[in-house]
Amino acid sequence: MFKNFLISAFRNLLRNKFYAILNILGLSIGLAAFIFILLYVRDEITYDKHNAKHERIYRIESDFNISNRHDLFAIVPVPMGPAMKLEFSEVEAFVRLNDLGNALFR
């Protein structure tokens, strides 16, 4: 039964080459897009989950309106961390990251 199905499917593919290529190409592009979207969503959901206290990690962003364009940046003034730790008792610790180019650190 399965062998007959494969033979008839193969014959149909040979008869209608354009539609077969179009369907196979569309299916492969759709599956590839689905896999990339799934990997992106998984990465966004599991970001920082390796940390034991991941639900207590926050990132501060700056909100800019320049020339009627709204932008969010993960760039804040350098004294923001110490000032927030002094003024808000909820802040337990802070860290500042600086772009060091291609430098490696542990």
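As shown above, the structure is provided for reference.
Residues numbered from 1 in each chain as written. Predicted model: local features only at pLDDT ≥ 70, side-chain atom pairs only at ≥ 80, totals over all residues. Heavy atoms only, no water.

(A) Region of the structure containing the pattern of salt bridges. Applying the stated criterion across every chain, the model contains three salt bridges. Arg56 is paired through a salt bridge with Glu92; the nearest N and O atoms lie 2.4 Å apart. Taken as a pair, Arg56 in the loop between helix 2 (17-45) and strand 1 (62-66) and Glu92 in the segment after helix 3 (80-87) lie far apart in primary sequence, 36 residues in all. One salt bridge connects Arg69 with Asp71, and the closest N-O pair in it is separated by 3.0 Å. (Salt bridge = Lys/Arg side-chain N within 4 Å of Asp/Glu carboxyl O. Helix = DSSP H or I, 4+ residues; strand = E, 2+ residues; numbered from the N terminus.)

(B) The arrangement of the layout of surface pockets in detail. Taken as a whole, the largest pocket encloses approximately 1400 Å³ of empty space. Lining the largest pocket are 27 residues, and of these Ile57, Tyr58, Arg59, Ile60 and Val95 lie nearest its centre. Grouping the constituent residues of the lining of the largest pocket by class yields 16 nonpolar, four polar and seven charged. (1 Å grid on protein atoms, 1.4 Å probe; cavity = no way out; pocket = protein on both sides within 12 Å on 5 of 7 lines; lining within 4 Å. Points joined across faces, edges and corners; volume = space filled by probe spheres on them. Nonpolar A, V, L, I, M, F, W, Y, C, P; charged D, E, K, R; others polar.)

(C) Geometry of helix 1 (residues 2-15). End to end, helix 1 covers 20 Å across 14 residues, agreeing with the expected 20 Å (1.5 Å per residue, within 8%). Across the 14 residues that make up helix 1, only a small minority, zero, are buried. (Expected span 1.5 Å × (residues − 1). Buried < 20%, exposed > 50% of the residue type's maximum accessible area, 1.4 Å probe, protein only.)

(D) Focus on unusual backbone geometry. Backbone geometry places Asp48, a non-glycine residue, at a positive phi of 65°. Take Asp48: it is sitting in the loop between helix 2 and strand 1. Phi is positive for Asn68, which is not a glycine, with a value near 60°. Along the chain, Asn68 falls in the loop between strand 1 and strand 2 (69-73).

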